[in-house]
Amino acid sequence: MNVCQSLICFFFLTMQKGHIGLINAEIIKSTGTEGGNITVRCSFTFSGWRRIFCKDECKDGDILIETEDYTAQRGRYSIRYEEGNYARPEIVPYVSITNLTQSDSGRYRCGLVRSLFPSSYQEIEIRVTDAPTSPLRPSSPSVPSDSTLMTWNLPLVLGVCPCGGGGEKERKHNSSIAQFAKHVL
């Protein structure tokens, strides 16, 4: 059997019903905190007509979210799909889990289902760490006491009265400003 026949045979074998398709050998590892959210970026070379996010093997009971749309949400799970362009020919589904729990730790797959070519999946390993144990101390409101020195940061402009022509009005204005400055300072 020559190389061409082997490739054709491989192609049809991967399209058999029940075969999960091609799996990227790289495992994406991501860590989140209990109670927090996590978003993982998957990356593919070729697009697919259906986007899928599942736990473990992507069998019937493992599918968390599946859509043909560019975005979808189901409970705590969501998926967002972006296609690149000629400059960046990358296919990127983002999968997210909100309100993480310890039971969310484990293996997942994000995938693209194709009709003419084998589907592709990328393995994800999510680890959920414990939430911080030290409680955050609420800050008490700051109430000034009698012994607290109160300061004011006010701009003080001393200058010529814009009243026009000078004279008595200008002297009274400048005198008022000087008295105010003495009182405040």
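Described below are features of the structure shown in this document. (Residues numbered from 1 in each chain as written. Predicted model: local features only at pLDDT ≥ 70, side-chain atom pairs only at ≥ 80, totals over all residues. Heavy atoms only, no water.)

1. Quick word on the state of the cysteines
Considering all chains together, one arrives at two disulfides under this definition. Bridging Cys42 to Cys110, the disulfide has an S-S length of 1.7 Å. Linking Cys42 and Cys110, the disulfide has an S-S dihedral of approximately -130 degrees and is accordingly described as left-handed. With Cys42 in the loop between strand 2 (38–41) and strand 3 (50–55) and Cys110 in strand 8 (residues 106–113), the pair connects residues that are 68 residues apart, well separated along the chain. Considered together, Cys42 and Cys110 belong to a single accessibility category, that of buried residues. Across a sulfur-sulfur distance of 1.6 Å, Cys54 and Cys58 are joined as a disulfide pair. Cys58 carries the same exposure label as Cys54, and that label is buried. (Disulfide = S-S within 2.5 Å. Helix = DSSP H or I, 4+ residues; strand = E, 2+ residues; numbered from the N terminus. Buried < 20%, exposed > 50% of the residue type's maximum accessible area, 1.4 Å probe, protein only.)

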